[in-house]
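Descriptive structure summary
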Amino acid sequence: MGQRRNDETEQWRTRSRLPLILDALLGSEEDPPVRRLVEAFGGEPASVKERLVGQPAYQSRRLQFASGAEVILHDDAVVATVLHAAPTEFAAHGFDLPEWIPGLNSGATLEDLKKAIDAPRYRTGMAFDMDGAYAVPNFKNNRGWNDPGNLLSITLTVEAPGRSCRPEDDDCPVCSDLLVRNTDSDGDQNGAAEGAGAGATGSATGGAAGMDVERTITALSSAVSADLLKESLHWVPLADLQPLHASGLMERAESQLTCTQCRRIICLTLFRDSAPTFVYAVLDEARRRPLEKIPPVEQWGDAPRLAKDREAMHYVDHHPGAWFLVEQQGDLFLQSRYWRNSMVDSDVLLRLDSDERDAYRSGGKDFLSELSERIDKSRPHTEESPYFQRDLSRGTDGAALAKSFAAAIVNHTWIAEQRRRS
Ligand SMILES: [Zn+2]
C-alpha cells in the first residue's frame, strides 16, 4: 500500500539480496524463482517438516537449511522465508545476514534494521512494508530490540502482521496437535464406532468431515485444564458445544480458545448443515466471526446441565455502557461501570442489599441507573467510597465470580450485539 516515491532510494532493492526472496514468495516449489532461492540457501534442505493445519486442512511444508534459512509453503505456495540469526536445531550457526543485507549482523537492533533495510514501516509494529510483502524481525521474548544480541530471526512473508496467523506458528508445540483427525479418510472404523456410540453427533462428525470432533474437544479441554489454552467467555463454552449442535437450534455453534504460547485463537465451529471447521485466527479475525445468540439452556441442556444452570448466574437486564444486572438463586448482582479518570474505566460488582432490592422492585431500571451514577461519583476504587468494601471483584472469589458473570451476559454484551447486527 506504500507509495512508490522512494523506489530508487530504498536500499533493500539495490544493495541487499532480499529481492531474491521476494521473487519466490507465492511461487510453487518447482517455479524457477523458488529453485533459485533454494540453491542460494544451500540446495538440499537439512530437514523437511510437513503437517496438516486446521480443518478444512492445508498442507504446511517447511524446508530447513543448514545455512539457517527456512522456507515455509502452504499447499505448495511459498508463504514465508525465515532467516534465523541465532543457531537452531537444523543450523549450528545463524544465517549469514551481512552477506544478504549489507550493514546487518546477528546482533542487529531494530535501529540497525531500519538503516540497513530502509523500507517504509508497516503500521505501528516492527514490520517493514516491501511492495505488499513484509519483513518482520523477531526479538528474544518479544522485546529487547534496542539492545544488541536479541535478534532471533527475520521473516519475509506475504501475511500482513497482525491480520493473519504467522506461518512460523504452524508447528506451535502447544496448540498444533490438538485437532484429532479420523485415522482413515473413509472413516470406516471411526465413523462406525462413533455412529454407534454417540448417535447423531457422532455420525455427522465422523467419516467424511475428517475431524474427530469428540476427541478434538477432549484434547482442547485437557489443554484448557492444563492452562495451555484460555477459553473465551464471549463464545459457546467448549462443554456446551456438542449439546448445542445436537439440538439443531444454532446454525453455527462456535468455541474460541487462545493459545498461551503463540497467541493464535482456535475457532472450533459445529454447523447445523455442513461439516465442522477448526480454524486458527488472530484476534482481529476471531472477533469478526459471526456470533449467534445462545438459546436458553432449558431448550437443549440435559438434566445435569440444567441442575448446573439453576446454580448459575442469569441475565436480568442492562443499560448499555452503564450496568448489567444478573440473578443467582434469589440474589441480585449489579456490575456497574465507572470512570477512574477521563481515560480509564473499570467495573464494580455488588450484591444488592435488601434496601436496594426493594428500591429496584419499586423503581425498576431507573433506580439502577441512579445507583450506578452514585457509585461512579463515589470513586469506588478509593477506600472512602462506601462501595469499595462491597466490590466483590476485589474478594478472593473475584475471578470466579467474574467468569460466571461473563457467561451470564454473553448474549447481551455490546460486542455480541454489534456482531449480530453485521
Ligand atoms: Zn500455539
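Refer to the structure printed above.
Description of the structure in this document.

Cut-offs applied
- Residues numbered from 1 in each chain as written.
- Predicted model: local features only at pLDDT ≥ 70, side-chain atom pairs only at ≥ 80, totals over all residues.
- Heavy atoms only, no water.
- Pairing = 2+ DSSP bridges.
- Helix = DSSP H or I, 4+ residues; strand = E, 2+ residues; numbered from the N terminus.
- Axes fitted to C-alpha atoms, helices over the stretch in contact; angles between N-to-C directions.
- 1 Å grid on protein atoms, 1.4 Å probe; cavity = no way out; pocket = protein on both sides within 12 Å on 5 of 7 lines; lining within 4 Å.
- Points joined across faces, edges and corners; volume = space filled by probe spheres on them.
- Nonpolar A, V, L, I, M, F, W, Y, C, P; charged D, E, K, R; others polar.
- Domains from an automatic or database assignment.
- Parallel < 35°, antiparallel > 145°, perpendicular 65-115°, else oblique.
- Left-handed = near helix turned anticlockwise from the far one by under 90°.
- Contact = heavy atoms within 4.5 Å.
- Polar contact = N/O pair within 3.5 Å; in protein donor to acceptor, adjacent residues only side chain to side chain.
- Phe/Tyr/Trp six-rings, centres within 6.5 Å; stacked < 30°, edge-to-face > 60°.
- Lys NZ or Arg CZ within 6 Å of the ring centre and 35° of its normal.

Let's shift gears to the sheet that holds strand S9 (residues 252-259). Spatial ordering of the open sheet is given by S8-S9-S10-S11, a layout of four strands whose pairing is antiparallel. Strand pairing shows two members of the sheet lacking a second neighbour, strand S8 (229-231) and strand S11 (277-281), which therefore form its edges. Each adjacent strand pair in this sheet contributes to an overall mean axis angle of 25 degrees, direction not counted. Bridge analysis of S8 against S9 gives three bridges, and the strand direction is antiparallel. Considered in S9, the bridge of Leu229 is made with Cys259.

Here the second largest pocket defines a volume of roughly 900 Å³. Together, 30 residues line the second largest pocket, and Pro237, Asp240, Arg305, Ala407 and Ala408 are the ones closest to its centre. Taken together, the elements giving at least two residues each to the lining of the second largest pocket come down to helix H8 (238-247), helix H10 (303-311), strand S12 (314-319) and helix H12 (398-408). It is H12 that provides the largest number of residues to the lining of the second largest pocket, a total of five residues. When the residues that make up the lining of the second largest pocket are grouped by side-chain class, the tally is 17 nonpolar, five polar and eight charged. Of the domains in this structure, domain 2 (188-288) and domain 3 (312-421) are the two that each give at least three residues to the lining of the second largest pocket.

Glancing now at the packing of helix H7 (residues 213-225) against H8. Where H7 contacts H8, the axes come no closer than 9 Å and their chain directions differ by 160 degrees. Judged by the angle between their axes, H7 and H8 are roughly antiparallel. For the pair H7 and H8, the crossing hand works out as right-handed. Side by side, H7 and H8 meet where Val213, Glu214, Ile217, Leu220 and Ser221 of the first sit next to Leu238, Leu241 and Gln242 of the second.

One can find Thr157 in strand S7 (residues 151-157). Only 3.0 Å separates the side chain of Thr157 from the backbone nitrogen of Glu159, close enough to count as a polar contact.

Taken as a whole and assessed by the stated rule, the structure comprises seven aromatic pairs. Chaining the aromatic ring pairs together yields one cluster made of Phe41, Phe65, Phe95 and Trp100. Sitting over the face of the ring of Trp100, Arg17 holds its NZ or CZ atom 4.3 Å from the ring centroid.

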